[in-house]
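# Observations on chain architecture
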Amino acid sequence: MDIMIGAGIGLFAGLHTATWGMYKDAPHEGFAWRRYARSVWLGGAIGAALALAGSAPLSAGAAVVFFGLVYALERAAVEFFKTFVRVEDQSKYFIPMQFHVLGRVVHGSIHRLLIGAGFVAVGAALLGVAIALRDSGASLLTIVLVGSLGGWFSALAGAWKDAPIEGFETLKFFRSPVVAAAYAGLLWRFTSDPAAIALAATGLTVATLETYKTFFFPSRPRGKFAGKPVLFPAMLRRRNVAVPLYVSIWVALVGATAVGLFGG
């Protein structure tokens, strides 16, 4: 039963990320069920694996943390694949999706994998910092430090990828660490595990910022497609079919948060 619950929450996390990904990308590269389902099944598999490892959510608050954990791990896995493993034509992008240095793609697969391993090592080291703070208590400084770890990693990686091509934006750079730290303050009400808080805060930060960028500015193309033509204009209308599903997941997540905070 725990594995089924974990897999179910993971599927919802995967549906969430798959939906905003489809919404922003489909007008430029079309819709494919295989691509949409990738995050859904990966989220379910991660959720089942976490539950099997003993992290099954047993309360509403724990379910919120679990959702954030799955979200962060799913995004990390997909972004690692797209950046360091997958090989595809980059001409359709304004900002390359494969690892690049100042806009020049690194084509050697071995080189990309070694660099990717370095990124994984940095991420693991940041989690180590969070774990080292396990006995520090829930002071404001600890919450901010633990919560912002993933945000800083995301901000630095994003600046490395985007800034050489579209310029550095100060507010954009600090946005992820600030939002992640705010989420950490909330998640600390549900768990005292700093590593779980760091990861879950990162996942919820991605969910929040991607929702803002995708659905509050639907006519603004993402940086990777800046200046590129809309090749599938029919998707500008058809993609709206998925909006109710997306909103319902947010409603369920907010509801679980409210129950965790005020449900006694």
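Provided above is the structure to which this section pertains.
Residues numbered from 1 in each chain as written. Predicted model: local features only at pLDDT ≥ 70, side-chain atom pairs only at ≥ 80, totals over all residues. Heavy atoms only, no water.

### Quick notes on the overall build of the protein
In plain terms, the rule: Only runs of H or I of at least four residues qualify as helices and only runs of E of at least two qualify as strands under DSSP, and these elements are numbered from the N terminus. We compute the radius of gyration over the C-alpha atoms and compare it with the globule rule, which gives 2.2 Å times the number of residues raised to the power 0.38. When accessible area is computed with a 1.4 Å probe and restricted to protein chains, residues below 20% of their type maximum are described as buried, those above 50% as exposed, and intermediate ones as partly exposed. Contacts are assigned to residue pairs that have any heavy atoms within 4.5 Å of one another. With residues, only the protein chains shown are counted as cover, and all accessible areas are computed by Shrake-Rupley using a 1.4 Å probe.
What the protein contains, in helices and strands, is nine helices and two strands. For the protein, the sequential pattern of α-helices and β-strands runs α-α-α-β-β-α-α-α-α-α-α. Computed over C-alpha atoms, the radius of gyration of the protein comes to 18 Å, within 12% of the 18 Å expected from 2.2 N^0.38 for 264 residues, which places it in the range of a compact globule. Each principal axis of the C-alpha atoms in the protein carries an extent, and together these give about 50 × 40 × 35 Å. Sorting the 264 residues of the protein into buried and exposed places 44% on the buried side. In the protein, the share of contacts with a sequence separation of at least 24, taken over all contacts with a separation of at least 6, comes to 75%. Total accessible area on the protein is roughly 13,400 Å²; 71% of this is exposed by carbon and sulfur atoms.

### A short note on the pattern of salt bridges
Heads up, the condition is: Just to be clear on terms, a salt bridge is a Lys or Arg side-chain nitrogen sitting within 4 Å of an Asp or Glu carboxyl oxygen.
Applying the stated rule across the entire model yields nine salt bridges. Glutamate 79 is the salt-bridge partner of lysine 82, the closest N and O atoms lying 3.3 Å from each other. With lysine 82 and glutamate 79 both in helix H3 (residues 60–85) and three residues apart, this pair spans about one turn of that helix. Judged by its relative accessible area of 33%, glutamate 79 falls in the partly exposed class. For glutamate 210, the salt bridge goes to lysine 213, with nearest N and O atoms at 3.6 Å. Taken together, the residues span about one helical turn, with glutamate 210 and lysine 213 both in helix H7 (residues 194–215) at a distance of three residues. Judged by relative accessible area, which is 13%, glutamate 210 ranks as buried. Among the residues examined, lysine 213 registers a relative accessible area of 27% and is labelled partly exposed.

That's the geometry; what it means functionally is another story.
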